[in-house]
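Survey of secondary and tertiary structure
Each chain, letter by letter, is given below.
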Amino acid sequence: MIAMQTNPMLQQLNFLREIDRLKSVIRQSPLLDQSRKENSAEHSWHLAMYALLLHDHAHSPVNLMRVIKMLLIHDIVEVDVGDTPIHSGASPQDQALQEQQAAKRLFGLLPVAQGAELHDLWCEFEAASTDDAKFAKALDRVQPLLINVATNGGTWAENNVNLEMVLQRYGPIIERGSPALWAHCEQAARAHFAAKA
């Protein structure tokens, strides 16, 4: 056990083993083929791909590597607290407190400097005050929105979500990070709900 605390490589391997549990955290969003629900690890990987391909559409220039790092770690806390869907009605304050405790524990498994760097990136993502974080947060809303459109309403149908709720819950965050992506998403959402009317 002492070797785990003092050997950086063993600390890193222990962290990687611990975050393997993210593959078991099931989200509400289905896969596009609707064969099952996606897990949080798949979601994080997919968002990293969104950043890789769509970073030129960010509202302001972004540091792609920082955005990808944020997206790879943004849901790591779900190893401890699970996924909280956007339409769940859960207390944001309770969720934030639980996630902060999980972040402290999980990033604390790493060597001090590396753990501090990733914890700081996670906090930056949560605060969404930098251009990198605003774009990362936008992508975190774009992906599930597009999944819902592509799966005939997906979690929207399951949670009785209407167009106004989509515009309020997704719009401001996506538009802050990428007005171009929001224009596309808004058009797709409006078309989806119009077809349902």
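It should be noted that the structure appears before, not after, this text.
Below or above, wherever it landed, is the structure these notes cover. All values derive from a computational prediction rather than experimental measurement. Within any chain, residue numbers begin from 1 and follow the written order of that chain's sequence. Local features in this predicted model are restricted to residues whose pLDDT is 70 or higher, and side-chain atom pairs enter the listing and the counts only when it is 80 or higher, whereas totals over whole chains, interfaces and linings include all residues. No hydrogens and no water enter the side-chain calculation; it runs on all heavy atoms of the structure.

This paragraph deals with the overall build of the protein chain. Helix and strand labels come from DSSP, where a helix needs a run of H or I of at least four residues and a strand needs a run of E of at least two; each type is numbered from the N terminus. Within the protein chain one finds 12 helices and two strands. When the elements of the protein chain are put in sequence order from the N terminus, they spell out α-α-β-β-α-α-α-α-α-α-α-α-α-α. Here the globule rule is a power law, 2.2 Å times the number of residues to the power 0.38, and the radius of gyration is based on C-alpha atoms. The C-alpha atoms of the protein chain give a radius of gyration of 17 Å, which matches the 16 Å a tight globule of 197 residues would have. If one aligns the C-alpha atoms of the protein chain with their principal axes, the spans along those axes are about 65 × 35 × 30 Å. Each residue's exposure class comes from its accessible area (1.4 Å probe, protein chains only) as a fraction of the maximum for that residue type: buried when under 20%, exposed when over 50%, partly exposed otherwise. When the 197 residues of the protein chain are sorted by exposure, 41% land in the buried category. Sequence-distant contacts, at least 24 apart, represent 67% of the contacts inside the protein chain between residues at least 6 apart. Surface accessibility in these figures is a Shrake-Rupley result with a 1.4 Å probe; residues are shielded only by whichever protein chains are displayed. Of the roughly 10200 Å² of accessible surface on the protein chain, a fraction of 56% belongs to carbon and sulfur atoms. Positive charges are assigned to Lys and Arg, negative charges to Asp and Glu, while His and the chain termini are left out of the count. For this purpose, a charge sits on NZ of Lys, CZ of Arg, CG of Asp or CD of Glu. For the protein chain, the separation between the mean place of its 17 positive charges and that of its 23 negative charges on side chains is 2 Å. For this analysis, residues touch if any pair of their heavy atoms sits within 4.5 Å.

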